[in-house]
Amino acid sequence: MKQPHPPVTRPRLVILGTGFGAFSVIKRINTRVFDITVVSPRNHFLFTPLLPSTTVGTIEFRSIIEPVRIARPETRYYHAECVGIHQRRREIRCKGMLDGRRFVLPYDYLVIAVGSSIATYDVPGVRQHALFLKELSDARAIRQKIIECLEQASQPNIPPDVRKRQLHFVVVGGGPTGVEFLAEMHDFVVKDLRKSFPTVVGDVKLTLLEATEEILGGFDGALRAYTRKVFKRQRIDVRTRSPVARVGRTHIVLRDGTVIPFGLAVWSGGIGPTDLARTLPFPRDSASRIVVDEYLRIKETSRLFALGDCSSVEGKHYPATAQVAQQQGKYLAKALESYARGLLPVPFRYKSYGMLAYIGEGKALADLESVKGRGFAAWVFWRSVYITRLVSVKNKILVLFDWMKTFIFGRDISRF
Ligand SMILES: Cc1cc2nc3c(=O)[nH]c(=O)nc-3n(C[C@H](O)[C@H](O)[C@H](O)COP(=O)(O)OP(=O)(O)OC[C@H]3O[C@@H](n4cnc5c(N)ncnc54)[C@H](O)[C@@H]3O)c2cc1C
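These figures come from a predicted structure and were not determined experimentally.

Cut-offs applied
Residues numbered from 1 in each chain as written. Predicted model: local features only at pLDDT ≥ 70, side-chain atom pairs only at ≥ 80, totals over all residues. Helix = DSSP H or I, 4+ residues; strand = E, 2+ residues; numbered from the N terminus. Rg over C-alpha atoms; globule rule 2.2 N^0.38 Å. Buried ≥ 20, exposed ≤ 12 C-beta atoms within 10 Å, placed from the backbone. Contact = placed C-beta atoms within 7 Å. Pairing = 2+ DSSP bridges. Axes fitted to C-alpha atoms, helices over the stretch in contact; angles between N-to-C directions. Near = placed C-beta within 6 Å. Nonpolar A, V, L, I, M, F, W, Y, C, P; charged D, E, K, R; others polar. Domains from an automatic or database assignment. Core = buried A, V, L, I, M, F, W, Y, C linked by C-beta atoms within 7 Å.

Further remarks concern the overall build of the protein chain. On a plain count of helices and strands, the protein chain comes out with 12 helices and 23 strands. For 416 residues, the compact-globule formula gives about 22 Å, and the C-alpha radius of gyration of the protein chain, at 23 Å, lands near that figure. Referenced to the eigenvectors of the C-alpha coordinate spread, the extents of the protein chain come out at roughly 70 × 45 × 40 Å. Here the protein chain holds 416 residues, and 43% of them are scored as buried. Taking the contacts inside the protein chain whose residues are at least 6 apart along the sequence as the reference set, 64% of them involve residues at least 24 apart.

What follows is the structure, encoded as C-alpha cells:
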C-alpha cells in the first residue's frame, strides 16, 4: 500500500542501512538540503570492531551502539527492511520488522548501504548448529552459550565425554573476527574462570579451524607468525588446511573425516551478499556486490548510490571493512549535496590506515603501511584508536568504564 508521505520541497533522500557506510552519511548529510528517511532493520549503529569483546563481557553490549534517532533527530527513521526497488517510479518497497506490514516510499536520491551477510558456502548444518558473530544478538547468544557450557560441565554425574565436549570452544575461520574472539575467550578463561569455575577451567579447550594455509590472511607475514607463536603459548589449537564438511548438533566433521566434538561452535568463515543485494537488477561483480563508479553511483542508473560491503568500486579492490564504508559515507554526504546543487563532485579516493587485531594477554597487532607493531605497545595503540573511532562521547565513556570495570572486578558470569 502506498504510504501517505508529507509534501516536501527539498529532494527526498532515502538511506538504506544504519551500519558504517549509512551512519557516516546520516551523521554528515546536510538536512537543510535534503528531506531524509532512513530505513533499516537495525535501529542503531553498531561498532563491530569491539563486538568480539562483548561475547565474554569485557565490554557491555549497549556500550558500542548508538540509536539512529538520537544520533540525528532531524531525520525520519523506519524500523523496516527494503525488499525491492522500482527504478522507473523512483520508489522502494519496504516491510516492517515488527508486524511485516508493507509500505512504499518515494525517493529522489537513494543510498544503498545494506552491508553483507554471513557466507556459509552451503556447508550443511552451519545455520542450524553454529553461532555467528555479526550482530549484537549474535554476541549475546554466544555469551549465553559459553556460560551454559561452563555450568553444564560443572554439574555432578556428568559423563566425562560430555563434560569434555561442553568445554571445547571451536571457531571456524581464521580472519580477524575469529582470532579476536578466541583472544577474548583466552583472557576470560585465564583471568576469570580460574576464580569462578576452578573445577573445570583446566579442561577448557580452544580450537581454531582454518580452511587455507594461514590465519589472518591479509596481515603481514611476520605478524601472522607472531600470532601463531602467541596462540601456541596460550594453548589455542590452530589447525590450518582444515576445511569443514558439515556441522552437526554436537560435532564438526572436517573434509578429511576428522570428527571434532564441541560445546560451542562460532562460524566466522567470510561474507556474502545480503538477500536484497542479491536480487537487485544492478550490474554486479563476481562476489555479487553492486558495481559503482568512482562517484559511488550505481552503474547504468541515475540518482542511485551504493557503498560499503554491498558495493564494489569499478577497477578498485577495496577490502570489505569499516574503514572503507566510513570514508565512502563521509564522501557521499558531500557528493550528494553537490548533485543537489547541480555540481559534479570530485571522485572518491580511499586512504588505508592499516589493520589492527587483538590477540589476547594485552597484546595486539598493528599492520600499518609504515610500521608493523605487535605486543603491548600495539595493544595500547589498538585501544586508543578504537576509543577515538567510537561514534559518540557516550560510547567512549561507557567503553572506558567497561575496560576499567573488567580490570578491577573481572567479567560477569551470570546467566539470565
Ligand atoms: C565482528 C566484526 C568485527 C569487525 N571488525 C572490523 C575491524 O576491526 N575493522 C574494520 O575495518 N572492519 C571490521 N569489520 C567489518 C565491518 O564491520 C564492515 O566492513 C562494515 O560494517 C561495513 O559497513 P556497511 O555499512 O557496508 O555494512 P554494515 O555496517 O554491516 O551495515 C549494514 C546495514 O544495512 C542494514 N540492512 C541490511 N539489509 C537491509 C535491507 N534490506 N534494508 C535496509 N537496511 C538493511 C543492516 O541492518 C545494517 O544496519 C568487522 C565486522 C564484524 C562482523
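Our next topic: unusual backbone geometry. Negative phi values dominate among residues other than glycine, just as trans dominates among peptide bonds. The phi torsion at Asn-157 lies on the positive side, around 65 degrees, for a residue other than glycine. Overall, Asn-157 belongs to the exposed group, with 4 C-beta atoms counted inside 10 Å. The phi torsion at Arg-235 lies on the positive side, around 60 degrees, for a residue other than glycine. Looking at the element boundaries, Arg-235 is found in the loop between helix H8 (221-233) and strand E12 (236-239).

This part is about the sheet that holds strand E7 (residues 102-106). Read from one edge to the other, the open sheet built from seven strands follows the order E7-E6-E5-E2-E1-E8-E19, with strand pairing classed as mixed. Either end of the sheet is taken by a strand with one partner, and the two such strands are E7 and strand E19 (304-306). Strand after strand, the sheet turns through a mean of 35 degrees between neighbouring axes, direction not considered. Bridge count between strand E5 (residues 76-86) and strand E6 (residues 91-96): six bridges; the pairing is antiparallel. Looking across to E6, one finds that Cys-82 is bridged to Cys-94. Those strands touched by helix H1 (residues 20-28) are strand E1 (12-16), strand E2 (35-40) and strand E8 (109-112), and its axis lies near 150 degrees from that of E1.

The ligand sits among 33 residues. The nearest are Gly-17, Gly-19, Gly-115, Gly-308 and Thr-321. Going through the elements one at a time, H1, E2, helix H2 (51-54), E5 and helix H10 (322-340) are the ones with two or more residues in the shell around the ligand. Considering only residue class, the shell around the ligand consists of 17 nonpolar, 12 polar and four charged. Residue contributions to the shell around the ligand reach at least three from each of two domains, namely domain 1 (12-116 + 273-340) and domain 2 (126-271 + 354-409).

A few words now on the nonpolar core. One finds Ile-15, Leu-16, Val-111, Ile-112, Ala-265 and Ala-364 to be the most contacted residues of the largest nonpolar core, which totals 118 residues. In terms of residue count, helix H7 (residues 176-196) provides more of this core than any other element does, eight residues in total. Each of two domains, domain 1 (12-116 + 273-340) and domain 2 (126-271 + 354-409), supplies a minimum of three residues to this core. With residues near it in sequence (within four places) discarded, Val-111 still touches Leu-13, Ile-15, Leu-16, Ala-22, Val-25, Phe-305 and Leu-332.

Attention shifts here to the environment of Ile-359. Tracing the backbone through its elements, the reader meets Ile-359 in strand E21 (residues 355-360). When the C-alpha atoms of Ile-359 and Pro-52 are compared, they prove to be 11 Å apart, with 307 residues separating the residues in sequence.

With that settled, the discussion passes to the environment of Arg-411. Within the secondary structure, Arg-411 sits in the segment after helix H12 (393-409). Taking the number of C-beta atoms within 10 Å as the measure of exposure, Arg-411 has 20 and is therefore buried. In contact with Arg-411, other than residues within four places in its own chain, are Val-56, Gly-57, Thr-58, Phe-188, Asp-192 and Thr-406.

Right, let's talk about the domain arrangement of the protein chain for a bit. Interfaces are often described in size by the accessible area the parts lose on coming together. With domains assigned, the protein chain is organised as domain 1 (12-116 + 273-340) and domain 2 (126-271 + 354-409). The C-alpha-based centres of domain 1 and domain 2 are spaced at 29 Å. Elements supplying a minimum of two residues to the side of domain 1 that touches domain 2: strand E3 (44-46), H2 and strand E4 (65-67). It is H2 that contributes the most residues to the side of domain 1 that touches domain 2, four residues altogether. Along the lines of polarity and charge, the residues of the side of domain 1 that touches domain 2 split into 14 nonpolar, seven polar and three charged.

Right, let's talk about the sheet that holds E12 for a bit. Strand order in the open sheet made by the four strands is E12-E11-E10-E16, with parallel pairing throughout. Of all strands in the sheet, those with a lone pairing partner are E12 and strand E16 (264-267), marking the two edges. Put simply, the sheet's adjacent strands are angled 15 degrees from each other on average, direction ignored. In the sheet, strand E10 (residues 168-172) pairs with strand E11 (residues 205-209) via five bridges, with the strands oriented parallel. Paired with His-168 across the two strands is Lys-205, which belongs to E11.

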